[in-house]
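So you can see what is in the structure, the chains are spelled out below.
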Amino acid sequence: MSSSRSASISSSDGSTSSQTAQDETIANDLVVTKYKMASEITQRILREVIDRCLPGTSVREICIYGDKRLDEETVRVFKKDKDVKKGIAFPTCLSVNNYVCHFSPLISDPDMILKDNDVVKIDLGCHIDGYVAVVAHTIIVGATREKKVTGRRADCILAAYYAAEAALRLIKPNENNLAVTEMIDRIANTYHCKPVEGMISYQMSRGIIDGEKRIYLNPNEMQRRENEKEEFALHEVYAVDILVSSGDGKPRETDIRTTVYKKKDFVYQLRMKSSRVFLSEVEKRFSLMPFTLRHFEDEKRARMGVIECAKHELVEPFPVYQEKEGEFVAEFKFTLLLMPSGQMKITGLPIDLDLYESEYKITDNDIKQLLTSSTQKKKNKNKKKKKVTATQGTNIEMMDAVEDDGDEDFEDEPVKPTKKTSNSNGNKKVKSNKTKS
C-alpha cells in the first residue's frame, strides 16, 4: 500500500506550519478529546455489529448497517462547528474464514450468509476532524463456553490476540518497529501459525491513516529491503493491525470485485466526465479516507467512474485477499496513543479466553513477562508494592479481559518469578486487570 503524505483535512501555512503541526498532535488536549470521541463511536458501532453476526445473517446487510450507524453517530458531534469534518474513516468490512480483509459487497454483488463456526473479522472506523479511530475484531459465530472453539480456529485467534497484546506493550518511545515484527512472529509460531505476509500497521496523523512510520507483519522480499529500523516517539498515534493465519500466511488476491478505495494525494486531468464527477465527490465527502462504492447513490456510475481513477492511480484499491481454502485468518486492530503516562489504547475489545481451547500454549518466560507487564509508567517509585502471591503467576492463558475506557491496560506490575506451592489444582491461573476501550 502506498502512503499519502498531505493532511488535506487540515489547512497548511508555511509561516505557521511548525506550530500547526504541534497543535495537531496528541500533545494538545483537544486533539486527544477528538480521538476519544471518535473511539467511543467506533467502539459502540463495533459492539452493535458483533451483536448482528448471527447464523443466517447477510454480510452485506451488516456492512450497510455498520456504515449507516457510523454516519449517524459522527454527524451528531460538533454540530455547531461547520468546519469540523467527520465521518467514516474505514468502511465496515466483514471477512469470513479464509478471506483476509476488505470484504464489503455492493448491492449488485453476490452476498455471503453467516453460519455457525464462521470466523468473522470485523473492520471499521471513523474520524472527528481528521483524527482517526479504527478497530478490528474477530469472533466465532455461535461460540459459547459450552461450545468452545478448538483446533485451528482457536490457534489463529489466540495467536493474533496475544500478538496484539504484545505489540501494545512494545510500541512505546525508544522501542522500534523491528522488535515488534519479531515478537509477533514468535507468538504466531508458538501456535503453529503465520502472520499474514505484507500487512502493515501505520503511524497516523490528522487526516492520514497511512503515515511515515510502519510496522510490517511477516515482510515480503520487497518490504524487507525497505524495512528500516524506526523508533517510536512520544505523542505519536498508531493503527496497530495484527492478522494471523492458520496457513502459510501468503494472501492471494481474489476475483471478488474491489469495493473499498482511498483517494491518493496527487492531481491528474481525467478525460471522462463521469470520472471527474466521481473524483470530485470523493474529495468532498471522504478526502483521503477510505470509502466504499456502496456509499454512492448511483452505484453503477460510481463503478464506472472509479475505473479511470484507479487506472491513473488517483485512488488506491483495497482488494479482497484470501488464504487457502480450509484455512482461517484472525485479526485484531486497535488505535494507540503514545502519551507521557504510557500507552493509551483507545479502541479494541477484549475476548473471552474461556471460549478458546488450543493444544498450544505460550511457555517462553520473556513473552509471558511482556504480556503481564503494565503499559503505564510508575507514578511513584517509592510506592509500596502489593504482595505477590503464587496465584499471580504468569499463566497468561487465563488472563482476565476487563474492559474500560482505554486509558490503561494490565494494571498489575510485571510479576517476578515466585516459588510455587503444589496443590491439588496444579498451576494457578493468572489474573491481570486488562482494560480495553
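Refer to the structure presented above.
Residues numbered from 1 in each chain as written. Predicted model: local features only at pLDDT ≥ 70, side-chain atom pairs only at ≥ 80, totals over all residues. Heavy atoms only, no water.

Asks: Let's hear about the overall build of the protein: which residues, and what values?
Replies: When you go through the protein residue by residue, the secondary structure sums to nine helices and 15 strands. Each of the 437 residues in the protein was classed as buried or not, and the buried ones make up 55%. When contacts within the protein are restricted to residue pairs at least 6 apart in sequence, those whose partners lie at least 24 apart make up 80%. Element-wise, carbon and sulfur atoms account for 48% of the exposed surface of the protein, whose accessible area totals about 20600 Å². (Helix = DSSP H or I, 4+ residues; strand = E, 2+ residues; numbered from the N terminus. Buried < 20%, exposed > 50% of the residue type's maximum accessible area, 1.4 Å probe, protein only. Contact = heavy atoms within 4.5 Å. Areas by Shrake-Rupley, 256 points an atom, 1.4 Å probe, with all protein chains shown as cover.)

Asks: Outline helix α4 (residues 151-170), supporting the account with residue identities and numerical values.
Replies: For α4, spanning 20 residues, the distance from its first C-alpha to its last is 29 Å, which sits close to the expected 28 Å at 1.5 Å a residue. For α4, the tally of buried residues reaches 17 of 20 residues, placing the bulk of the element in the interior. (Expected span 1.5 Å × (residues − 1).)

Asks: Go over helix α2 (residues 29-51) with me, naming the residues and quoting the values.
Replies: End to end, α2 covers 33 Å across 23 residues, agreeing with the expected 33 Å (1.5 Å per residue, within 8%). Between a side-chain oxygen at the N-terminus of α2 and the backbone nitrogen of L30 the separation is 2.8 Å; the capping residue is N28. (Polar contact = N/O pair within 3.5 Å; in protein donor to acceptor, adjacent residues only side chain to side chain.)

Asks: Account for the packing of α2 against helix α3 (residues 59-74), with residues named and values stated.
Replies: The contact between α2 and α3 brings their axes to 10 Å, and the two run at 150 degrees. The orientation of α2 relative to α3 falls into the category roughly antiparallel. Read as a crossing pair, α2 and α3 show a hand that is right-handed. Touching I41, R44, I45, E48 and V49 of α2 are I62, Y65, G66, R69, L70, E73 and T74, all from α3. (Axes fitted to C-alpha atoms, helices over the stretch in contact; angles between N-to-C directions. Parallel < 35°, antiparallel > 145°, perpendicular 65-115°, else oblique. Left-handed = near helix turned anticlockwise from the far one by under 90°.)

Asks: Break down the pattern of salt bridges for me, with residues and values.
Replies: When the charged atoms of two side chains with opposite charge come close together, those side chains can pair. All chains considered together, the criterion is met by 32 salt bridges. With a shortest N-O distance of 2.8 Å, R206 and E24 are connected by a salt bridge. Here R206, found in the loop between β6 (200-204) and β7 (214-216), pairs with E24, found in the loop between α1 (17-23) and α2; they are 182 residues apart in sequence, far enough to count as distant. The residues R206 and E24 share a single accessibility class, namely buried. The partner of R69 in a salt bridge is E48, with the nearest N and O atoms 2.8 Å apart. Of this pair, R69 sits in helix α3 while E48 sits in helix α2, and the two are 21 residues apart along the sequence. Looking at R69, the relative accessible area reads 11%, which means it is buried. A cluster of three or more residues bridged by salt bridges with shared partners is formed by R44, E48, K68, R69, E72, E73 and R76. (Salt bridge = Lys/Arg side-chain N within 4 Å of Asp/Glu carboxyl O.)

Asks: Pulling in residues and values, what's your account of the nonpolar core?
Replies: Grouped together as the largest cluster of nonpolar side chains are 53 residues, with contacts concentrated most on Y162, I171, I242 and Y356. Mapped onto this core, the elements with two or more residues apiece are β2 (99-101), α4, α5 (177-190), β8 (237-245), β14 (329-339) and α9 (365-371). Residue contributions to this core peak at 14 residues, all from α4. What Y356 contacts, discounting residues up to four positions off in sequence, is T138, I140, V149, A154, I157, L158 and I351. C63, V84, Y99 and A133 belong to the second largest nonpolar core, which has 31 residues in total. (Core = buried A, V, L, I, M, F, W, Y, C linked by side-chain atoms within 4.5 Å.)

Asks: Break down the packing of α4 against α5 for me, with residues and values.
Replies: Where α4 meets α5, the closest approach of the two axes is 9 Å, and the angle between their N-to-C directions is 155 degrees. Accordingly, the angle class assigned to the pair α4 and α5 is roughly antiparallel. Here the hand of the crossing between α4 and α5 comes out right-handed. Between α4 and α5, the residues in contact are A159, Y162, A163, A166, A167 and L170 and A179, V180, M183, I184, I187 and A188, respectively. Grouping the amino acids of the contact of α4 with α5 by side-chain chemistry returns twelve nonpolar, no polar and no charged. (Nonpolar A, V, L, I, M, F, W, Y, C, P; charged D, E, K, R; others polar.)

Asks: Just give me the short version of the sheet that holds strand β12 (residues 315-318), but keep the residues and values in it.
Replies: Whether parallel or antiparallel, the strands of a sheet pair through hydrogen bonds between backbone atoms. One open sheet holds the three strands; their spatial order is β11-β10-β12, and the pairing between them is antiparallel. Edge positions in the sheet fall to β11 (291-292) and β12, since each of these pairs with one other strand and no more. The pairing of strand β10 (residues 260-263) with β12 spans four bridges and is antiparallel. Bridge pairing in β12 places V260 opposite F318. Each of β10, β11 and β12 touches helix α7 (residues 273-285); the most contacted strand, β10, lies at about 80 degrees to it. (Pairing = 2+ DSSP bridges.)

Asks: Before we move on, can you summarise the environment of R47 with the specific residues and values?
Replies: Relative to the elements of secondary structure, R47 occurs in helix α2. The class of R47 is partly exposed, set by a relative accessible area of 33%. Put simply, R47 and L349 are 302 residues apart on the chain and 8.7 Å apart in space, counted from C-alpha to C-alpha.

Asks: Please provide a residue-by-residue account of the sheet that holds strand β9 (residues 252-253), values included.
Replies: Spatial ordering of the open sheet is given by β2-β13-β9, a layout of three strands whose pairing is antiparallel. With partners counted over all chains shown, the strands left at the sheet margins are β2 and β9, one partner each. When β2 meets strand β13 (residues 321-322), the two strands line up antiparallel, connected through two bridges. Among the inter-strand pairings, Y99 is bridged to a residue of β13, identified as Q322.

Asks: Before we move on, could you go through the side chain of T258 and cite the residues and values that matter?
Replies: Along the chain, T258 falls in the loop between β9 and β10. Judged by its relative accessible area of 14%, T258 is buried. The residues contacting T258, other than those within four sequence positions of it, are L293, P317, F318 and P319.

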